[in-house]
Each structure stands twice: as C-alpha cells, then as structure tokens.
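What follows is the residue order along each chain.
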Amino acid sequence: AWSAVSSPVGRAPQSWGVASSGAAYASGRGNTEIARLQRFSAGSCVGFQVDFERGTVDVFIDGREFPEVFEGLTMPVFPAVSNCRSPARYILRVREDDENEEEQRA
C-alpha cells in the first residue's frame, strides 16, 4: 500500500511527481531523478498535462513547458498535490476539454 509518510509522490510505485528543486521522479525508482526541470517556490504556477492516449505527461513551471517528462503511465490516473517542506496553497484543475472543468482547492 502507498503511504505519503513512507514514500513521497514520485518515489512510490505507480506515482510520479516534481519536487520544488525541479527534480522529477517516477514510478517508484527510489531516489533516482529521471529529469531536472526548473526550481519553483511560493507564487510559482506548476501544471501537468496528461495525454491519456499516449500515456505521457508534459510539465509546465511558471509558463515554461517541459514536454513528455513522464511516459508509460497506466490507467487509472489519480492526480495529487503534495508539499513536504513549507506551507503552500494548491488549486487542482481537471479538464477533459475546453468546456468542462472541475476545480478542487486544498
């Protein structure tokens, strides 16, 4: 079973994530960094665009695009936001198309 206490997002099986240092981690590869993106901090905007047909994820940090950072995703996908180091505010938006958008604030 996955537990955020024992395995942060991106370091547990079937998960992926980007740390504020810009380090990208995927699919339980331990502490192995799969890519180095861009650092982010308070006030930054971080986005993920999932292509369900191709099983890929593009990452956006403060307007800069990092294409296909994550590949080989399997379904189902459960979006999550996590912060281990400092207070933060999150807005999680899920868009299926331009007309349908759900928003969850945490």
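Further up the page is the structure itself.
Computed from a predicted model, the values in this text were never measured in an experiment.

Visitor: How should the sheet that holds strand 1 (residues 16-18) be read in this particular structure?
Guide: Hydrogen bonds between backbone atoms are what pair the strands of a sheet, whose relative direction is either parallel or antiparallel. Taken in spatial order, the three strands make up an open sheet running 1-2-3, and their pairing is antiparallel. Of all strands in the sheet, those bounded by a partner on one side alone are strand 1 and strand 3 (35-36). Where strand 2 (residues 23-26) meets strand 3, two bridges bridge the pair, whose relative direction is antiparallel. Note on strand 3: the bridge partner recorded for Ala-24 is Ala-35.

Visitor: Just to check I follow, could you spell out the sheet that holds strand 5 (residues 56-61) for this structure?
Guide: Overall, antiparallel pairing links the three strands, which are arranged 4-5-6 in an open sheet. The open sheet has two edge strands with one neighbour each: strand 4 (46-51) and strand 6 (64-70). On average, adjacent strands in this sheet sit at an angle of 25° to one another, irrespective of strand direction. Pairing geometry for strand 5 and strand 6, over four bridges, is antiparallel. Residue pairing for strand 6: Phe-60 is matched across the bridge by Glu-65.

Visitor: Any chance you could explain the pattern of salt bridges here in plain terms?
Guide: Opposite charge on two side chains makes pairing possible when the charged atoms of those side chains draw close. Scanning the model with the defined rule gives two salt bridges in all. Between Glu-33 and Arg-36 there is a salt bridge, with the nearest N and O atoms lying 2.9 Å from each other. In this structure, Glu-68 and Arg-54 form a salt bridge, with 2.2 Å as the shortest nitrogen-oxygen distance. Here Arg-54 lies in the loop between strand 4 and strand 5 and Glu-68 lies in strand 6, a separation of 14 residues in the sequence. With a relative accessible area of 30%, Glu-68 lands in the partly exposed category. On the accessibility criterion, Arg-54 (53% relative accessible area) is exposed.

Conventions adopted
- Residues numbered from 1 in each chain as written.
- Predicted model: local features only at pLDDT ≥ 70, side-chain atom pairs only at ≥ 80, totals over all residues.
- Heavy atoms only, no water.
- Pairing = 2+ DSSP bridges.
- Helix = DSSP H or I, 4+ residues; strand = E, 2+ residues; numbered from the N terminus.
- Axes fitted to C-alpha atoms, helices over the stretch in contact; angles between N-to-C directions.
- Salt bridge = Lys/Arg side-chain N within 4 Å of Asp/Glu carboxyl O.
- Buried < 20%, exposed > 50% of the residue type's maximum accessible area, 1.4 Å probe, protein only.

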